[in-house]
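Summary of structural features
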Amino acid sequence: PPFRHPPPAAMSAFLKQSPAGFTLYEINSRPWLHELGLKSLADVPDAAVKTIADNGVHMIWLQGVWKLGRNGLELDMSEPSRMGAYKEAVPDFVIEDVIGSPYAVVEYEVTDELGGDKALKAFREQAKKFGMRLMLDFVPNHMAVDSVWAEDPDKIDYFIRKAGDVKFPQDYMPNGIAHGKDPYCGAWPDTAQLNYWNPALREAMLKNLTKVASQCDGIRCDMAMIILNCKVDEIWGDTLRAGGWKRPETDFWEDAIPKMRAQYPDTVMMAEVYWGLDPELFRQGFDATYDKTLYDILRERHMDNLRNYLASKPVSFLSHSTHFVENHDEPRAAAHFGSRTVSRAAAAISFLIPGLRLQFHGQWDGFKNTLDVHLRRAASEPSDPASGDFYKALNAILASPTLQRGAWEHASVHHVEGKDWDSWRAVAWRWRYEKTRMLVVVNYSEERCGGHLRVPDAPGSGEVELVERISGEKYMRDAAGLADEGLHCILEPWQGQVFEYT
């Protein structure tokens, strides 16, 4: 379906202040406290929070704060294939490293491992002191198998239950409650599948959503598309109809988000979404959705697809998309993209266009070792100074008013006659905000390239100073020449440049 971004009245006030995007920083909460040697979020030192703020972060996504059960933890500690994976990922692994999946929630209370609700409130105030907001998880599809609801006989109909003979009996618990799943993989054995065709369950989950909103400024909704009526019908429709349930006329999100926003209108709603369902979730009230398409294009290194993407996507789509090169579900970018150099070029493209710029704890260090969500630590490795320098410069650009509130447009890199510079290897675009202009060009290839970029808005006459924001170098160019012939650029493999001028 065509993309339709939410009307301004339905958007969070925070996004109205930063319509071109902002920087979101994901931290897995329990591993972070382990890294800091702490037992409570209330004890996080100001210096740790200030370091994040000083890198231009506008919102912290604190992952995994809710209470978990024993069942999932014991499964993680006993299942042979999982234990083998842990030992492979962390050579000096010990059993205490296993902490359980943060997405098998028992109830929406802050875990005592982080200090409880009071500690979270203190951390939110601390982040606010340094100019940052807080995002938390909401897991709509399922609860833990030993959740409060699963152990309450009066709430058994909150879950999908076996009705008659089933094709995959392993998808169900002995009491008949189904495990959570999506259409393309097996059941998740530490979860119990919620029944969104039950009005009582919908009301209970609205209360949970509203409760989460009361404790933060933004909500990241895990696998948000999987509870759409069309997907519930695809996965569970036969089972639900056999149990006497009827498909609702409206989706949960289109009912729940306006009701939640009636109490907390400032809440940023971000959806993890795949399968081409992002336009539908925008329609139902989300502020932003994952953009896995750009991530996949960058991983494939297909320049035609990349150029077509940048040239065809409207600003209204990009500015409401969440761009990333790594997160807790994806491998570390420095490993996944083949090298740190390539991953930095991918980051420049992902974050210097409009949208939410999602960065993951450890990304600034250029880490390659994956942090499994079931573990409190990854394998130890040294920080990469070049990555640290790059993200410091990049995030300073992203923190500017131009990248938060400016206007964006795609630009072309033109071939220069008589030069064998392979201009097709580069992509480019422009930003403008008040009197400030930025011109971005990235060589996303393994060969040196060059070309020229026309600068139709070159100011006045005479010489113009262009500051390349990543390196800090300054260039003087003739204004008339910039407008006519353009800015000549020669870029090394995987190099990005950001020219600022007024």
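So, here is what we can say about the structure in this document. (Residues numbered from 1 in each chain as written. Predicted model: local features only at pLDDT ≥ 70, side-chain atom pairs only at ≥ 80, totals over all residues. Heavy atoms only, no water.)

1. Overview of the side chain of N195
Mapping N195 onto the fold places it in the loop between β7 (191-193) and α7 (199-213). The buried category is assigned to N195, whose relative accessible area is 0%. If we skip the residues at most four places from it in the chain, N195 touches D157, Y158, F159, I160, L201, L240 and W245. (Helix = DSSP H or I, 4+ residues; strand = E, 2+ residues; numbered from the N terminus. Buried < 20%, exposed > 50% of the residue type's maximum accessible area, 1.4 Å probe, protein only. Contact = heavy atoms within 4.5 Å.)

2. A few points about the pairing of strand β2 (residues 59-63)
Put simply, side chains in a regular strand alternate between the two faces of the sheet. Extensive coverage of β2 is indicated by the burial of five of its five residues. Two strands pair when backbone bridges link them, and strand β1 (residues 23-28) and β2 are joined in this way by five bridges, in the parallel orientation. Its bridge partner being in β2, N28 is matched across the sheet by Q63. Summarising the sheet, β2 and strand β5 (residues 133-138) pair through three bridges and their orientation is parallel. Residue pairing across strands places M59 opposite R133, the latter belonging to β5. (Pairing = 2+ DSSP bridges.)

3. What about helix α11 (residues 292-300)?
Looking at α11, one finds that the buried residues are L294, Y295, I297 and L298. Projected onto a plane normal to the axis of α11, the buried residues spread over an arc of 165° and lie on a single side. If you follow the buried residues of α11, they end up packed against α12 (303-312), β11 (321-323), α14 (333-336) and α15 (340-351). Taking the backbone nitrogen of T293 as reference, a side-chain oxygen 3.4 Å away marks D291 as the first, capping residue of α11. Among the residues trailing α11, R301 stands out with phi positive, at a value near 60°. (Arc of directions from axis to C-beta. Polar contact = N/O pair within 3.5 Å; in protein donor to acceptor, adjacent residues only side chain to side chain.)

4. Comments concerning unusual backbone geometry
Even without a glycine there, the phi angle at M223 is positive, about 45°. Given a relative accessible area of 12%, M223 falls into the buried group. Here the phi dihedral of E434 falls at roughly 50°; this positive angle occurs in a residue that is not glycine. You can see E434 is positioned in the loop between β14 (426-433) and β15 (436-443). You can call E434 exposed: its relative accessible area is 65%.

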